Amino acid sequence: MNGNQRILSGLKTGLLYLLLFAFLTPFLLIIMNSFKTTQQFFESPLSLPTTIDFKNYASAFENMDFMQGFMNSLIITGISVFVIIIFSAMTGYLFVRYKWKVNSILFFLMLASMALPFQVLMIPMVMLYGNMGLLNTKLTLLFMYLGFGVPFGVFTFHGFIKGIPYELEESAFIEGSSTLRTFFSIVLPLLRPVFVTLLVLDVLWIWNDYLLPSLVLLSPNQKTLPLSTYTFFSSYSVDYAPLMAGLIMTIIPVLVIYLFLQKQIIKGITEGALK
Amino acid sequence: MNKKLSLKNTGTFLVFGGPSIFAFTAVVIIPFIVGLYLTFTNWDVRTGDSSLIGFGNYLEVFRDKVFLSQLWFTLKYVFFTVVIANVFAFFIALALTRGGKGEQWLRTGFFTPNLVGGIVLGYLWQTLFSQVLPYLGNKYGWDLFQTSWLTDTGTAFWALIIATAWQLVGYLMIIYIAGFTGVPGDVLEAASIDGAGRYAVIRRIILPLTVPAIVICIFISLSRSFLTYDINLALTKGGPFNSTELATYHIVQKAFLSNQYGVGQAEAVVLFAVVAIIALTQSYLLKKLEVES
């Protein structure tokens with residue numbers, strides 16, 4: 001690279017950073033204004049805050065019942081994702097290693113269902129589960145996430161398990177290991193790369209989901225974070241400063257995960273999309 | 001291994017497949033079948049009465065001027081969102097696959113809006129459109145921003161597109177980057193030795209070789225924007241005067257607020273058919289442009 005090219009490429013990088021800055025301005029504006037009073041925000045939304053105090057955060061924390069929303073989201077996301085991954089892995093294994101007719105039919109149905117939009121299922125689902133009196137519990141929501149998450153999970157594991165040589169398991173079987181034990185001690189550890197992909201995609205999906213929990217969880221103490229954000233905004237609509245603090249607080253948990261897992265997240269998205 | 005399914009290994013089937021197959025059936029298969037049945041009945045939530053009425057609900061869907069105009073509104077919204085998000089994502093990805101300094105950081109940065117759920121994202125933009133932009137408009141006398149974009153149908157339409165595309169860009173960018181990385185370096189090198197300009201390289205080499213990535217990106221952006229619900233809810237709540245209700249928003253209102261489950265479900269099925277037809281057509285047409293490197 002000669003001098004001119006170096007300057008040119010430096011200029012391009014500079015322009016890209018400028019573009020990124022413009023792209024992220026919405027976040028920056030919200031962060032800046034979350035430290036002002038609502039009055040100051042109305043008067044000069046573009047100025048930097050003069051003092052850094054967290055009283056908007058304290059007020060949002062209390063008024064949107066942040067802790068409760070956070071805990072509900074954490075429990076629901078954590079358990080759902082864990083259950084989806086384990087059961088999908090087992091079913092993916094079953095479908096690869098046992099070529100029964102019923103397995104290939106089920107696998108085909110799961111593949112086909114991935115093209116179904118949630119909107120086609122939501123009305124009958126709410127109707128059916130409502131009739132059985134099963135709405136408004138976390139358990140039902142977990143069960144639904146399992147049902148919706150399984151097709152993609154099975155599909156992903158299926159592709160990966162196909163590439164694992166059967167000899168590994170065969171020797172275990174000869175030594176008298178049961179299918180279950182062979183799966184958990186030999187196959188499961190090999191599936192680690194797929195775990196990460198699914199973990200990332202499912203966490204982003206379930207943590208941020210609004211529509212399904214809004215249809216299933218009806219009582220205030222069940223609310224997940226997106227539902228609390230909604231209620232908070234609907235009831236506080238003019239007092240912008242705490243609202244912005246509330247937005248920032250809901251973003252922070254995912255942001256923390258992102259900072260730790262960014263490489264895997266980007267890899268997960270790539271792999272998830274290309275399948 | 002081709003053991004027959006027999007009594008002995010029904011156990012294996014149940015242990016390994018039981019939980020996920022049960023959940024899948026109960027959450028996807030049964031509601032799907034019941035949903036189709038539902039579109040042919042006039043099921044009443046309050047009385048529980050239900051009888052078969054043939055295609056009555058579908059006729060109602062196509063006679064309902066409001067739904068049709070909202071479907072048209074949705075189609076326009078999807079079209080602009082898909083085009084804008086993909087064009088930006090394509091060029092940002094192109095700029096970020098050259099091995100320059102700080103590329104990782106830039107990618108990470110452009111992806112951040114995807115960490116945020118639709119509700120939070122909608123409220124974030126609602127604050128900007130209803131407060132920050134009008135402030136700028138009044139301070140500097142810019143007519144475009146003097147009133148909130150969310151109070152007028154035409155501008156609220158663009159507000160919805162901007163908010164959705166803003167999130168989609170980073171996601172699609174990642175997939176385009178993966179696509180570009182697959183373009184063989186020697187082909188690019190040969191082209192530059194032959195004196196092909198930047199534009200010719202994009203037009204004649206990169207575009208044809210990344211058709212698979214383009215197909216996936218258009219498919220993803222189509223299906224995501226067709227199903228937009230929470231951004232719509234948080235940004236405009238369908239207002240002013242229900243003029244910015246996207247199809248999904250309309251269906252939720254129809255079914256759960258006005259208790260018209262049958263009609264709402266018929267609308268969902270129609271929407272699904274529209275999405276499926278458009279998605280399949282685009283991937284069929286684009287696939288024809290695919291070449292081997």
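To keep things clear, this report deals only with the structure shown in the data block. Sequence order sets the numbering: in each chain, residues are counted from 1 along the sequence as written. Chains carry letters from A onward and ligands carry numbers from 1 onward, assigned in written order. Since the coordinates come from a predicted model, pLDDT governs what is reported: local features require at least 70, and pairs of side-chain atoms require 80 or more to be given and counted, while whole-chain, interface and lining totals use all residues. Remark: hydrogens and water are excluded; side-chain values derive from all non-hydrogen atoms of the structure.

**A few points about the overall build of chain A**
Inference 1: Helix and strand assignments follow DSSP, with helices taken as H or I runs no shorter than four residues and strands as E runs no shorter than two, numbered in order from the N terminus. When its secondary structure is counted, chain A shows 13 helices and 0 strands.
Inference 2: In chain A, the succession of α and β elements from N to C terminus is α-α-α-α-α-α-α-α-α-α-α-α-α.
Inference 3: Each radius of gyration is computed over the set of C-alpha atoms, and the globule rule expresses the reference value as 2.2 Å times the number of residues to the power 0.38. Here the C-alpha atoms of chain A give a radius of gyration of 24 Å, more than 25% beyond the 19 Å that 2.2 N^0.38 yields for 275 residues.
Inference 4: With the C-alpha coordinates of chain A rotated into their principal frame, the extents come out at 75 × 70 × 35 Å.
Inference 5: We call a residue buried when its accessible area falls under 20% of the maximum for its residue type, exposed when it is over 50%, and partly exposed in between, using a 1.4 Å probe and counting protein chains only. Looking at the 275 residues of chain A, the share that counts as buried comes to 53%.
Inference 6: When contacts within chain A are restricted to residue pairs at least 6 apart in sequence, long-range pairs at least 24 apart make up 72% of them.
Inference 7: Surface accessibility follows the Shrake-Rupley procedure with a 1.4 Å probe radius. Residue values consider only the protein chains on display as shielding. In the form shown here, chain A has an accessible surface area of approximately 12700 Å², with 69% of it arising from carbon and sulfur atoms. For this analysis, residues touch if any pair of their heavy atoms sits within 4.5 Å.

**Brief notes about the overall build of chain B**
Inference 1: A tally of helices and strands in chain B yields 12 helices and 0 strands.
Inference 2: Secondary structure elements of chain B occur, N-terminal to C-terminal, as α-α-α-α-α-α-α-α-α-α-α-α.
Inference 3: A compact globule built from 293 residues should have a C-alpha radius of gyration of about 19 Å, whereas chain B, at 24 Å, is more than 25% larger.
Inference 4: Dimensions of chain B along its principal axes, counting C-alpha atoms only, are 75 × 75 × 35 Å.
Inference 5: Relative to its 293 residues, chain B shows a buried fraction of 55%.
Inference 6: For chain B, the proportion of contacts with a sequence separation of at least 24, taken over those separated by at least 6, is 69%.
Inference 7: Where the 19 positive side-chain charges of chain B centre and where its 15 negative ones centre are 5 Å apart. Neither His nor the chain ends contribute to the count of charged residues, in which Lys and Arg are positive and Asp and Glu negative. We put the charge of a Lys on NZ, of an Arg on CZ, of an Asp on CG and of a Glu on CD.

**Re the pattern of salt bridges**
For side chains bearing opposite charge, pairing can occur when the charged atoms are close.
Inference 1: Any carboxyl oxygen of Asp or Glu that lies within 4 Å of a side-chain nitrogen of Lys or Arg is treated as forming a salt bridge with it. For the structure shown, the criterion picks out 4 salt bridges over all chains.
Inference 2: Taking the shortest distance from any N to any O, the salt bridge between Lys55 of chain A and Asp53 of chain A comes out at 3.7 Å.
Inference 3: Of the residues examined, Lys55 of chain A reaches a relative accessible area of 51% and is grouped as exposed.
Inference 4: Among the residues examined, Asp53 of chain A registers a relative accessible area of 27% and is labelled partly exposed.
Inference 5: A salt bridge links Asp64 of chain B to Lys254 of chain B, with the nearest nitrogen and oxygen atoms 3.4 Å apart. Of the two residues, Asp64 of chain B sits in the loop between α2 (56–63) and α3 (65–95) while Lys254 of chain B sits in helix α11 (residues 247–257), which places them 190 residues apart along the sequence. Taken individually, Asp64 of chain B and Lys254 of chain B each receive the classification buried, so the pair is uniform in this respect.

**Observations concerning the interface of chain B and chain A**
Inference 1: Every contact between the two is made by 82 residues of chain B and, on the other side, 85 residues of chain A.
Inference 2: Of the roughly 7700 Å² buried between chain B and chain A on both sides combined, carbon and sulfur atoms contribute 81%.
Inference 3: Joining chain B to chain A, the criterion identifies 0 salt bridges.
Inference 4: Two N or O atoms count as a polar contact when they lie within 3.5 Å, although within protein this holds only if one can serve as hydrogen donor and the other as acceptor, and sequence-adjacent residues are included solely when both atoms are side-chain atoms. Where chain B packs against chain A, one counts 13 residue pairs in polar contact (both at pLDDT 80 or more).
Inference 5: At 22 residues, the largest contribution of residues to the side of chain B that touches chain A is made by helix α1 (residues 7–38) of chain B.
Inference 6: Along the lines of polarity and charge, the residues of the side of chain B that touches chain A split into 57 nonpolar, 19 polar and 6 charged. Summed over both partners, the accessible area lost on bringing two parts together, with a 1.4 Å probe, is the buried area. Three categories are distinguished: nonpolar for Ala, Val, Leu, Ile, Met, Phe, Trp, Tyr, Cys and Pro, charged for Asp, Glu, Lys and Arg, and polar for the others, with Gly belonging to the last.

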